[in-house]
Amino acid sequence: RVLSTLLAELSGVATSGCAATVFTIGATNAPWLMDSAALSRFGRRILVPLPDRAARRAILEIHLCGKGHELDLSLDRLVAETAGLSGRQLAHLAADAVQQMVAQCNPDLADVAANASAALDTYQIRTRPLCWSDFEILLAKTKPDTTWESLRRYESW
């Protein structure tokens, strides 16, 4: 159903007589599983590689510094330790580290929320700068989703 809807929508855009230029972008983690009729609607195929050092730094800055979190750790070390992770994994890593830090700084938050929602209006969430220990355990549990074998498969496709 999804494929037939997508093809109908793409055909509808092409035949609507609209003077505006419309770019359609599709993304998938398994392009070799796509239907050839759907693939033929896209003029180009672009491989977006895993983020390099500069891209990982930018992604982490967006999800940490860009959201107002203070860092008490070397961002360069964190960037180096995250080689091979996808952008989505980096976003999850940052969110998990923040969540872990907030839980650690506010051990009573769940009790306050469970006992009286009115108390939440006056409760002040405590935070601290993120430190290496906030990421250390998470990094040990986080393995790259993309293997070298799958990278080679993308490149050959």
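Residues numbered from 1 in each chain as written. Predicted model: local features only at pLDDT ≥ 70, side-chain atom pairs only at ≥ 80, totals over all residues. Heavy atoms only, no water.

A. Structural view of the confidence of the model for the protein chain. Overall, the prediction assigns the protein chain a mean pLDDT of 87, with 92% of residues at 70 or greater. Taking the mean pLDDT of every element in the protein chain, the minimum, 68, falls on helix 7 (residues 117-122) and the maximum, 98, on helix 3 (residues 53-63). (pLDDT = per-residue confidence, 0-100. Helix = DSSP H or I, 4+ residues; strand = E, 2+ residues; numbered from the N terminus.)

B. Molecular detail of the packing of helix 3 against helix 5 (residues 87-105). Between helix 3 and helix 5, the shortest axis-to-axis distance is 9 Å and the interhelical angle comes to 35°. Judged by the twist between their axes, the crossing of helix 3 over helix 5 is right-handed. Contacts between helix 3 and helix 5 pair Arg56, Ile59, Leu60 and His63 from the former with Gly87, Leu90, Ala91 and Ala94 from the latter. Looking at the contact of helix 3 with helix 5 residue by residue, the classes come out as five nonpolar, two polar and one charged. (Axes fitted to C-alpha atoms, helices over the stretch in contact; angles between N-to-C directions. Left-handed = near helix turned anticlockwise from the far one by under 90°. Contact = heavy atoms within 4.5 Å. Nonpolar A, V, L, I, M, F, W, Y, C, P; charged D, E, K, R; others polar.)

C. Representation of the side chain of Ser86 within the structure. For Ser86, the position within the fold is in the loop between helix 4 (75-81) and helix 5. Of the residues examined, Ser86 reaches a relative accessible area of 13% and is grouped as buried. For Ser86, the residues in contact, after removing those within four places along its chain, are Leu50, Pro51 and Asp145. (Buried < 20%, exposed > 50% of the residue type's maximum accessible area, 1.4 Å probe, protein only.)

D. The arrangement of the pattern of salt bridges in detail. Scanning the model with the defined rule gives four salt bridges in all. Between Arg57 and Asp76 there is a salt bridge, with the nearest N and O atoms lying 2.5 Å from each other. You can see Arg57 sitting in helix 3 and its partner Asp76 sitting in helix 4, a full 19 residues away along the chain. For Arg57, a relative accessible area of 30% translates into the label partly exposed. Overall, the relative accessible area of 48% leaves Asp76 in the partly exposed class. The shortest N-O distance in the salt bridge between Asp108 and Arg126 comes to 3.0 Å. Placement of the pair is Asp108 in the loop between helix 5 and helix 6 (109-115) and Arg126 in the loop between helix 7 and strand 2 (130-131), with a sequence separation of 18 residues. Residue Asp108 is classed as partly exposed on the basis of its relative accessible area of 28%. One continuous salt-bridge network, built from bridges that share partners, spans Arg57, Glu61 and Asp76. (Salt bridge = Lys/Arg side-chain N within 4 Å of Asp/Glu carboxyl O.)

E. The arrangement of the nonpolar core in detail. Counting 20 residues, the largest nonpolar core has Leu60, Leu64, Leu78, Leu93, Leu130, Phe135 and Leu139 as the members making the most contacts within it. Contributions of two or more residues to this core are made by helix 3, helix 4, helix 5 and helix 8 (132-141). Of all the elements, helix 5 adds the most residues to this core, at seven residues. If near-sequence neighbours (up to four positions away) are discounted, Leu130 is found in contact with Leu64, His69, Glu70, Leu71, Asp72, Leu73, Ala97, Val98, Met101 and Phe135. (Core = buried A, V, L, I, M, F, W, Y, C linked by side-chain atoms within 4.5 Å.)

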